[in-house]
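Commentary on secondary and tertiary structure
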Amino acid sequence: MNFTVAIDGPAGSGKSTIAKIVCKELGFTHIDTGAMYRAVGLFALNKGVDICNEEKINAILDDIEIKYVEGKIYLNGKDVSGMIRTPEVSNAASRVSSYKLVREKLVYLQQKASENGMYILDGRDIGYKVLPNANLKVFLTASIDCRAERRFKELPNANLEEIKEQIKIRDYNDSTRKESPLKQADDAILVDTTEMTIEQVSEKIISLIKERMC
Ligand code: DC
């Protein structure tokens, strides 16, 4: 059976957490597209390539092979899942994801990877760009305070106010860039998770999928 779900939303809205739970419950495969942009950012940082120089980033794209398999992200054959969550890589991912050729390469990989089967892709442009014909599109959101608190719980040594500022900057960059900005697809269902638990959000999406499968 082919069935695809697009989950988009800003940083910290819970996309990946929810996608993982729903996939496990319903036997879908999860593709975290943000991890792919993070892998490109990590590669550039490791090579000492200026992430603000689009031409230089374009020039290294052919040296990058990215695979997302069973919840792990592989960069040129190496599992980098544990290395892509730092603030430096978040910033680099946000920057390189604004470049046209980077997006073309990753969108192609994402579409190929989800061609046959049951997939949930989470990201920023899935509903209107990567999977415009997805069977279900959800746009997750939450207040800035709530999203910052969630990240803070994952990184307790960090400073809450700094996390909030970083999320604000990333929201601004992701939603105002020219190439495929963060945007809700016209036919996506908006779910504000501010006052919801992870279980409630997962249940809501599971019931939406079941409705559409009938
Ligand atoms: O979801 P995330 O925080 O791991 O994403 C990292 C960065 O990648 C984010 O700043 C925006 C970018 N991104 C994107 O532009 N398009 C996607 N489909 C997924 C992520």
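What comes next is a walk through the structure.

Reading the values: the criteria
- Residues numbered from 1 in each chain as written.
- Predicted model: local features only at pLDDT ≥ 70, side-chain atom pairs only at ≥ 80, totals over all residues.
- Heavy atoms only, no water.
- Salt bridge = Lys/Arg side-chain N within 4 Å of Asp/Glu carboxyl O.
- Helix = DSSP H or I, 4+ residues; strand = E, 2+ residues; numbered from the N terminus.
- Buried < 20%, exposed > 50% of the residue type's maximum accessible area, 1.4 Å probe, protein only.
- Core = buried A, V, L, I, M, F, W, Y, C linked by side-chain atoms within 4.5 Å.
- Pairing = 2+ DSSP bridges.
- Axes fitted to C-alpha atoms, helices over the stretch in contact; angles between N-to-C directions.
- Parallel < 35°, antiparallel > 145°, perpendicular 65-115°, else oblique.
- Contact = heavy atoms within 4.5 Å.
- Nonpolar A, V, L, I, M, F, W, Y, C, P; charged D, E, K, R; others polar.
- Near = heavy atom within 4 Å.
- Polar contact = N/O pair within 3.5 Å; in protein donor to acceptor, adjacent residues only side chain to side chain.
- Areas by Shrake-Rupley, 256 points an atom, 1.4 Å probe, with all protein chains shown as cover.

**A look at the pattern of salt bridges**
Counted under the stated rule, the structure contains 13 salt bridges. Ionic pairing is found between D174 and R124, a salt bridge with its closest N-O pair at 3.5 Å. You can see D174 sitting in helix α8 (residues 160-176) and its partner R124 sitting in the loop between β6 (118-123) and α6 (126-130), a full 50 residues away along the chain. Of the residues examined, D174 reaches a relative accessible area of 5% and is grouped as buried. You can call R124 buried: its relative accessible area is 15%. By sharing partners, the salt bridges in this structure join R124, D174 and R177 into a single network.

**Digging into the nonpolar core**
Membership of the largest hydrophobic core comes to 36 residues, with the highest contact counts inside it found for V40, I57, I64, I66, I73 and V102. Contributing elements (two or more residues each) for this core: α2 (33-47), α3 (54-60), β3 (66-69), β4 (72-75), α4 (87-96), α5 (100-113), β6 and α6. Listed in part, the 18 residues of the second largest apolar core include V22, F28, I120 and V201.

**A closer look at the sheet that holds strand β1 (residues 3-8)**
The strands that make up a sheet pair up through hydrogen bonds in the backbone, lying either parallel or antiparallel. Strand order in the open sheet formed by five strands is β2-β6-β1-β7-β8, and the pairing between neighbours is parallel. Edge positions in the open sheet fall to β2 (29-32) and β8 (189-192), since each of these has one partner strand only. When strand polarity is set aside, the average angle formed by the axes of neighbouring strands in this sheet is 20°. Of the pairings in the sheet, the one linking strand β7 (residues 136-141) to β8 comprises four bridges and is parallel in character.

**Quick word on the packing of α2 against α4**
In contact at an axis separation of 8 Å, α2 and α4 are set at 105° when each is read in the N-to-C sense. Classified by the angle their axes make, α2 and α4 are roughly perpendicular. Between α2 and α4, the contacting residues are Y37, R38, V40, G41, L42 and L45 on the first element and E88, V89, S90, A92, A93 and V96 on the second. Its residues assigned to classes, the contact of α2 with α4 shows eight nonpolar, two polar and two charged.

**What about the environment of V191?**
On the secondary structure map, V191 appears in strand β8. Considering only alpha carbons, one finds V191 and K129, 62 residues apart in sequence, at a separation of 20 Å. In this view, V191 contacts V138, F139, L140, T141, M196 and K204; residues no more than four positions away in its chain are not counted.

**Some remarks on the site of the ligand**
Taken together, 15 residues lie near the ligand, and R38, R103, R124, D125 and R177 sit nearest. Contact between the ligand and S97: an oxygen atom at 3.4 Å from a side-chain N or O atom of the residue. Out of a free accessible area of 450 Å², the ligand has 98% covered by protein chains. The biggest single contributor to the shell around the ligand is α2, with four residues. Partitioning the shell around the ligand into residue classes produces two nonpolar, five polar and eight charged.

Purely geometric numbers; function is a separate question.
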